[in-house]
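Breakdown of the fold
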Amino acid sequence: MNKESILRLLHEQDLECLRQADTSLPDVLMKEFIMTDVMKGYLNYFLKNKDLNLSLYNSTAQECLGSRNILIKKAAGFQICKHTNKMAMYLHKHTYIELDYVYKGSCRYYIGNTGSSFLLKEKELCMINQHVIHGLEAAGDNDIIFKCFIPIEYLKQEDFNNPHTCTALKEFAEYTLCSQRQYEVRLTADMRQRKKFENILFDLFSELFEKEAGWRHAYTYYTFLLMTELARIPEEKCVLTVGRINNDAKMMQLLNCIEKNYQYITLKALADDFHFQENYLGRKIKKLTDRNFNELVQEYRLKEAERLLQKTDLSVEKISARIGYSTPAYFYKLFRTRYHMTPVEFRSKIK
């Protein structure tokens, strides 16, 4: 299959992505992402509040899409697609290796949820392991970025033990395949002098699209050739960036997750998603914030109730449901305890 045919097939993928844009948010999330307990809580909250005015929540959906602790893309085995400016940029992570290659134009590559980014230029690539939070943003209509998703089991440590292998690629493999430690690793490289790389990439695409007899073996073979070509990159043409995941950073992510999802989050869901024992996590939160989990959630809910009472005309019952309390009477009691007046009296006083 020639390059023109593959680009035509990729264009058909673009059209399918645009058709999916009309699908409801819960349906898209269920299809594309692993449903953690926190995400399930968000979907239940979203469906129960169908009259939700997202503008009141500073784009709740975007906050959800921007949370590094929620979105983990499903591994679909072998997958290749084209990324264009029609696709929204959102931060996510996944359980496989991703190789992104700028075939034409450029793209903005975001790393982590701090807003840091760099420009990936034409004929450059970025390869990341299964722990890296990232997002891609193509700016122009003619920008074409190829995304190649490689299941981690198709990489073997012995494939990188050749003494002539590029040091950066060798270290990428060592960090990525070392399962007892968690690292966030990315490899960027200038491929302008490696014309063979692009040909191999298109052969890889061709096998996936045509799926002729033995295509899986051929895909494995071309993946090996792809890595071999990367191994030949001169040291000065590539850069390896490594960051170690630590529990302190993890706790900061966890507290950020509580702040964004206070309407529906539970301590059990949080513990399950972050792989902590529930009682241990409760003690850690208390130590860090000087408040237990319920007090922390209650504080976020009441602050939002205060804002809604000031800025909107929603009924107290709707505000109660909106912030996560299904029983208005309980909300009344909590509010009066904190503000020494009822929600109605508070609204009247403000206005």
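Computed from a predicted model, the values in this text were never measured in an experiment.

Our focus in this paragraph is the overall build of the protein. Of the regular secondary structure elements, the protein holds 14 helices and 11 strands. Each of the 351 residues in the protein was classed as buried or not, and the buried ones make up 47%. A separation threshold of at least 6 residues defines the contact pool for the protein, and within that pool the share at least 24 residues apart is 70%.

Let's shift gears to helix α11 (residues 293-311). Between its first and last C-alpha, α11 extends 27 Å over 19 residues, near the 27 Å set by a 1.5 Å rise per residue. Considered for burial, the residues of α11 that qualify are F293, L296, V297, E299, R301, L302, E304, A305, L308 and L309. Structurally, the start of α11 carries an N-cap: the backbone nitrogen of N294 is 3.2 Å from a side-chain oxygen of N292.

With that settled, the discussion passes to the confidence of the model for the protein. Taken over all residues, the pLDDT of the protein has a mean of 79, while the share at 70 or more is 73%. At the level of individual helices and strands, the protein shows its lowest average pLDDT in helix α4 (residues 60-65), which scores 42, and its highest in strand β7 (residues 124-128), which scores 94.

Attention now goes to the packing of aromatic side chains. Counted by the stated rule, this structure contains 17 aromatic pairs. Where Y101 meets F197, the ring centres are 5.2 Å apart and the plane angle is 65 degrees; that geometry is what we call edge-to-face. With a gap of 96 residues between them, Y101 in strand β4 (residues 97-104) and F197 in helix α6 (residues 195-210) connect regions that are remote in the sequence. Take Y101: its relative accessible area is 2%, and that puts it in the buried class. Grouping aromatic residues by their ring pairs yields a cluster made of Y325, Y330, F331, F335, Y339 and F346. Positioned over the ring face of W215 is K211, at 4.9 Å from the centre of the ring. Directly above the aromatic system of Y325 lies the positively charged group of R301, at a separation of 4.7 Å from the ring centroid.

Scoring rules and cut-offs
- Residues numbered from 1 in each chain as written.
- Predicted model: local features only at pLDDT ≥ 70, side-chain atom pairs only at ≥ 80, totals over all residues.
- Heavy atoms only, no water.
- Helix = DSSP H or I, 4+ residues; strand = E, 2+ residues; numbered from the N terminus.
- Buried < 20%, exposed > 50% of the residue type's maximum accessible area, 1.4 Å probe, protein only.
- Contact = heavy atoms within 4.5 Å.
- Expected span 1.5 Å × (residues − 1).
- Polar contact = N/O pair within 3.5 Å; in protein donor to acceptor, adjacent residues only side chain to side chain.
- pLDDT = per-residue confidence, 0-100.
- Phe/Tyr/Trp six-rings, centres within 6.5 Å; stacked < 30°, edge-to-face > 60°.
- Lys NZ or Arg CZ within 6 Å of the ring centre and 35° of its normal.

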